[in-house]
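The lines below spell out each chain.
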Amino acid sequence: MTIRKTLMAGAVALAGVSAFAVAAHAEDTTITVWSLDKDIQPAPNLVKEFNALNNGIHVDYREIQFDDVVSEAMRAYATGNAPDIIAIDNPNTAMFASRDAFLDLTDMIENSDVINADNYFPGPLASATWDGKYYAVPKATNTIALYYNKDMFRAHGLDPDQPPQTWDELVETARTLTDPENNVYGLAFSAKANEEGTFQFLPWAQMGGATYDNINTEGAVEALATWKEIMDEKLASPDTLTNSQWNATATFNAGNAAMAISGPWEIDRMLADADFDWGVALLPVPEQGAERSSAMGDYNWAIFSSTKHPEEAFEVLEYFVSQDDTMFENYGQIPARSDIAIPPTGNELKDAALATFVEQLKYAKPRGPHPQWPKISKAIQDAIQGTLTGQMDPQAALDQAAQKISAVPDR
């Protein structure tokens, strides 16, 4: 299937006006799109560009709020009022696909001249997959890595070009750089009791040989024990248990943490706020040569199975995908595709950081996929909080999490 280049024939009769005041004609097929994106983000601008093609398909766009995405979309689907297309947080894709709420796109993708599944990083593609079939197309992606303050490394006799490579090196470096008298912690990260905590811990568990449905491996227990060691020795702020990733990075930017675990969305803020030399490194591994992992964020495009216009909706998706190579330059978002190179920004520091995050994306893994991901995530969050607050030891906490997860139904 290809993007339409021709106008549909028929009488021209004004049918309505889109959110962008572009007239749709009576013979146009109307496709509705829901997304969190605001005016400066991709979705509304892609819709505007698509409508300017005047190709017989008109797209209406609606911005929705993060907290309302799942509940409102499920309610809309149940009442027959779902949009044609939605941008859904990648760990929630399986929830809708398993309930037959999303259209199976496998054949459409395989026959598409625009969308090629082989072009995507493995993690984002896996998040769009359920039961061996494609139910979505990755919209963009992000991951996490290790920011570090090179000036602090130099001041403490550490090589600024040799950030920690293993968990032991990370802890030892945090010990060296922690300076209570100057209110400096060795490391900043988020262990908050929400999806951010899971987002930050799961890669550690995965590098320890765990999966979401086998969370209590020896390596995962070691990972959680390492987190506890960091907290017990006050190498990270006590606020780590309540801080968001955004707040944790603010601590780093202010010079109150020597290292921070966060994502590429922080680069521009760091360039503006951090008054020191910094760099980005891949997440440390349990030991040299161990398998790498990292978290994977951002959204997938999906088509509701209730759409009356599946071919036209897919044509809209094809247009969106055809613009993936503009996502970073125009909106600062990293494409989910390995075949698209991020263009140089002209800022050497930013380009080096981006290169590290793109490298990290090769190892990023999805949360799940599982239709009951929020319940699985909650079990992991409880284990983190129980351990770091001293209520349980790491083994007992992850054993309990494994029991909770094994009781979560597949649908």
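Asker: So what's going on with the sheet that holds strand 4 (residues 57-63)? Which residues, and what values?
Answerer: Taken in spatial order, the five strands make up an open sheet running 4-3-5-12-8, and their pairing is mixed. Whereas interior strands pair on both sides, the edge strands pair on one side only; in this sheet they are strand 4 and strand 8 (137-138). Across two bridges, strand 3 (residues 29-35) lies against strand 5 (residues 85-89) in parallel orientation. For tryptophan 34, the partnering residue across the bridge sits in strand 5 and is isoleucine 86. In the packing of helix 1 (residues 42-51) onto the sheet, the strands contacted are strand 3, strand 4 and strand 12 (299-303), and the crossing angle to strand 4 comes to about 165°.

Asker: So what's going on with the side chain of threonine 249? Which residues, and what values?
Answerer: Topologically, threonine 249 is positioned in helix 10 (residues 245-253). On the basis of relative accessibility, which here comes to 0%, the residue threonine 249 falls in the buried class.

Asker: Before we move on, can you summarise helix 9 (residues 218-232) with the specific residues and values?
Answerer: Taking 1.5 Å as the rise per residue, helix 9 with 15 residues should run 21 Å; its terminal C-alpha atoms sit 20 Å apart, in good agreement. Taken as a whole, helix 9 has its buried residues at Gly219, Ala220, Val221, Ala223, Leu224, Thr226, Trp227, Ile230 and Met231. Looking at the packing, one finds that the buried side of helix 9 touches helix 7 (167-177), helix 8 (195-207), helix 15 (373-388) and helix 16 (394-406). Backbone geometry just downstream of helix 9 places lysine 234 in the positive-phi region, at approximately 60°.

Asker: I'd like to hear about the pairing of strand 5, residue by residue, with values.
Answerer: Most of strand 5 sits out of view: five of its five residues are buried. Relative to strand 12, strand 5 runs antiparallel, the two being bridged by five bridges. Pairing of alanine 87 across the sheet is with tryptophan 301, part of strand 12.

Asker: Got a sec to walk through the sheet that holds strand 10 (residues 259-262)? Specific residues and values, please.
Answerer: Strand pairs in the sheet, formed through backbone hydrogen bonds, run parallel or antiparallel to each other. Strand order in the open sheet formed by three strands is 10-9-11, with antiparallel pairing between adjacent strands. The sheet is open, and its two edges are formed by strand 10 and strand 11 (278-281), each paired on a single side. On average, each strand axis in the sheet is inclined to that of its neighbour by 25°, with strand direction left out of account. In this structure, strand 9 (residues 145-149) lies alongside strand 11, joined through four bridges in antiparallel fashion. Pairing of tyrosine 147 across the sheet is with valine 280, part of strand 11.

Asker: Just give me the short version of the layout of surface pockets, but keep the residues and values in it.
Answerer: The probe, sized like a water molecule, is rolled over the atoms to show the empty space still left. Of the pockets and cavities examined, the largest pocket occupies roughly 1,600 Å³. Considering the residues around the largest pocket, the lining is formed by 48 residues, among which Phe66, Asn142, Trp265, Asp298 and Tyr299 are closest to the centre. Top element by residues in the lining of the largest pocket is helix 15. It accounts for four residues. Among the residues forming the lining of the largest pocket, the class breakdown is 20 nonpolar, 15 polar and 13 charged.

Rules and cut-offs
- Residues numbered from 1 in each chain as written.
- Predicted model: local features only at pLDDT ≥ 70, side-chain atom pairs only at ≥ 80, totals over all residues.
- Heavy atoms only, no water.
- Pairing = 2+ DSSP bridges.
- Helix = DSSP H or I, 4+ residues; strand = E, 2+ residues; numbered from the N terminus.
- Contact = heavy atoms within 4.5 Å.
- Axes fitted to C-alpha atoms, helices over the stretch in contact; angles between N-to-C directions.
- Buried < 20%, exposed > 50% of the residue type's maximum accessible area, 1.4 Å probe, protein only.
- Expected span 1.5 Å × (residues − 1).
- 1 Å grid on protein atoms, 1.4 Å probe; cavity = no way out; pocket = protein on both sides within 12 Å on 5 of 7 lines; lining within 4 Å.
- Points joined across faces, edges and corners; volume = space filled by probe spheres on them.
- Nonpolar A, V, L, I, M, F, W, Y, C, P; charged D, E, K, R; others polar.

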